[in-house]
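# Structure assessment
Residue-level listing of the chains:
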Amino acid sequence: MHPVLPEPKCSGNPFSIMYPHSQQPALAKTVIFQTKAWKQPFSPQAGKQEDEIMTSVTDITPKGYRIAPHEHSRRLQVVTLQADTIAEFIRQTERFPVQALEYKPFNRFRVAEILDSLCEYTLGKFLLGTLKNRATGAFLLKFEGGDKKDTDFFVKLGTAVSHLIGRPNFDAMSQKYYARFTVRNVDNSDSYLRQPHRRMELHNDGTFVDEPTDYVLMMKMQEENMQGGNSLILHLDDWAELDKFYNHPIAKKPITWEAPPSKNVTQSIEHPVFIDNDPNGRPRLHFIDQFAKPKNREEGLYLFELGESLENDPNFVSVRVEVGDMLVVENHNWLHGRDKFVAHPDLLRELMRQRGQFVA
Ligand SMILES: [Fe+2]
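In the nomenclature of an unreviewed UniProt entry, the chain corresponds to Carbon starvation induced protein CsiD from the organism Neisseria lisongii.

## Considering the sheet that holds strand 16 (residues 334-338)
The strands making up a sheet are joined through hydrogen bonds of the backbone, oriented either antiparallel or parallel. Pairing is antiparallel across the open sheet formed by four strands, whose spatial order is 7-16-9-14. Edge positions in the sheet fall to strand 7 (200-203) and strand 14 (317-319), since each has one partner strand and no second. Taken over all neighbouring pairs, the strand axes of this sheet differ in orientation by 20° on average, direction set aside. As judged from the two bridges shared by strand 7 and strand 16, these two strands associate in the antiparallel manner. In the sheet register, His203 faces strand 16, and the bridge partner there is His336. Across the face of the sheet, helix 8 (residues 297-312) comes into contact with strand 7, strand 9 (231-235) and strand 16 while running at roughly 105° to strand 7.

## Section: the nonpolar core
One finds Leu115, Val161, Ile233 and Val328 to be the most contacted residues of the largest nonpolar core, which totals 71 residues. It is helix 6 (residues 151-165) that contributes the most residues to this core, seven residues altogether. Contacts of Leu115, omitting those with residues within four sequence positions, involve Phe89, Leu123, Ala160 and Leu164.

## Here we look at the packing of helix 5 (residues 123-132) against helix 6
At a minimum axis separation of 8 Å, helix 5 and helix 6 run at an interaxial angle of 70°. Taken as axis vectors, helix 5 and helix 6 run roughly perpendicular relative to one another. Helix-helix and strand crossings are classified by hand; for helix 5 and helix 6 the assignment is right-handed. Between helix 5 and helix 6, the contacting residues are Leu123, Gly124, Leu127, Leu128 and Leu131 on the first element and Val161, Leu164 and Ile165 on the second.

## Topic: the packing of helix 2 (residues 83-92) against helix 4 (residues 105-118)
Relative to each other, helix 2 and helix 4 sit at 145°, their axes nearing to 10 Å. Remark: the crossing between helix 2 and helix 4 carries right-handed chirality. In this structure, helix 2 contributes Thr85, Glu88, Phe89 and Gln92 to the contact, and helix 4 contributes Ile114, Leu115 and Leu118. Per-class residue counts for the contact of helix 2 with helix 4 are four nonpolar, two polar and one charged.

## Side note on the pairing of strand 15 (residues 326-330)
Strand 15 sits mainly inside the fold: five of its five residues count as buried. Here strand 15 shows two buried faces, one formed by Met326, Val328 and Glu330 and the other by Leu327 and Val329. When strand 4 (residues 138-143) meets strand 15, the two strands line up antiparallel, connected through four bridges. By the bridge assignment for strand 15, Leu141 is matched with Met326.

## Considering helix 6
Relative to the 21 Å expected for 15 residues at 1.5 Å per residue, helix 6 spans 21 Å between its end C-alpha atoms, a close match to the ideal helical length. A large share of helix 6 lies buried, amounting to twelve of its 15 residues. For helix 6, the full list of buried residues reads Phe154, Val155, Lys156, Leu157, Gly158, Thr159, Ala160, Val161, Ser162, His163, Leu164 and Ile165.

Conventions we followed
- Residues numbered from 1 in each chain as written.
- Predicted model: local features only at pLDDT ≥ 70, side-chain atom pairs only at ≥ 80, totals over all residues.
- Pairing = 2+ DSSP bridges.
- Helix = DSSP H or I, 4+ residues; strand = E, 2+ residues; numbered from the N terminus.
- Axes fitted to C-alpha atoms, helices over the stretch in contact; angles between N-to-C directions.
- Contact = placed C-beta atoms within 7 Å.
- Core = buried A, V, L, I, M, F, W, Y, C linked by C-beta atoms within 7 Å.
- Buried ≥ 20, exposed ≤ 12 C-beta atoms within 10 Å, placed from the backbone.
- Parallel < 35°, antiparallel > 145°, perpendicular 65-115°, else oblique.
- Left-handed = near helix turned anticlockwise from the far one by under 90°.
- Nonpolar A, V, L, I, M, F, W, Y, C, P; charged D, E, K, R; others polar.
- Expected span 1.5 Å × (residues − 1).

Here it is in structure tokens:
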């Protein structure tokens, strides 16, 4: 039985074009071939049957929060921290302003410990278990109470959650362990990250860095005059043409990936579109359309058709992320993207992201 009831919605994308690679500045200094990072064993539960996995996730009894499946997908778990949990978290973390989290990495684990202790050590287990389970692999975390305009608190709560599931990688774009970026009605940047009037294509993160990116946390910090712009996510097992592209001769061959200047990553890297680190041989994807640098027509057409297939697949989940919510996905079993916004001269949307590695 298929575990997901996706939102019936057209995903036609008039902007589904390849990035003009020839216009990208030549940044490459070195090329690193496929590293061990892409071959590290992943989920110890990857071989379980999906029904068994769904049961094991729901075995945990939540304390200080509620859990429920998302209205559009059973895979996506909605976790709501209760107001008393939040109030006590705010009280116990008063001595850790954002600067204290930025300057001393061990403080980040301390705020995570405080949050987990308030949930009788069930929250970390549930969140990490949810991400590592192939059948689920994503949660939308909300909270009650608190101040929905206190973005410093958002950073603190996001940091606690990120350190319950792992450890964020250094974000070269922001030069911190997290990045905050804003979408406005106009954009002069060099990637689709901040462009408002087009759909940001489905992709995985960390394609152009030489370190594992197991999870991606995206938290809504603020928004004004926003219509549209929902987060879009697609689970690999819901992608209708997965087998066609997974069984293609190019699926496991190294592709070159290279980021634009704003990412502050000057190396090129090589890895296949499908990475080889599931102990049970299940497909895992490591793809982003903008930063692939095909070496020949064969690679170019494979990547083009793969991108077209993803953008036209109807089984994505459209997720409304309210201010203060965070959407967290396992990075290689889920793709993520963003729907386009309705134009407005005063459009403003700010997100925080943390992406990192599982450490437990
Ligand atoms: Fe992304």
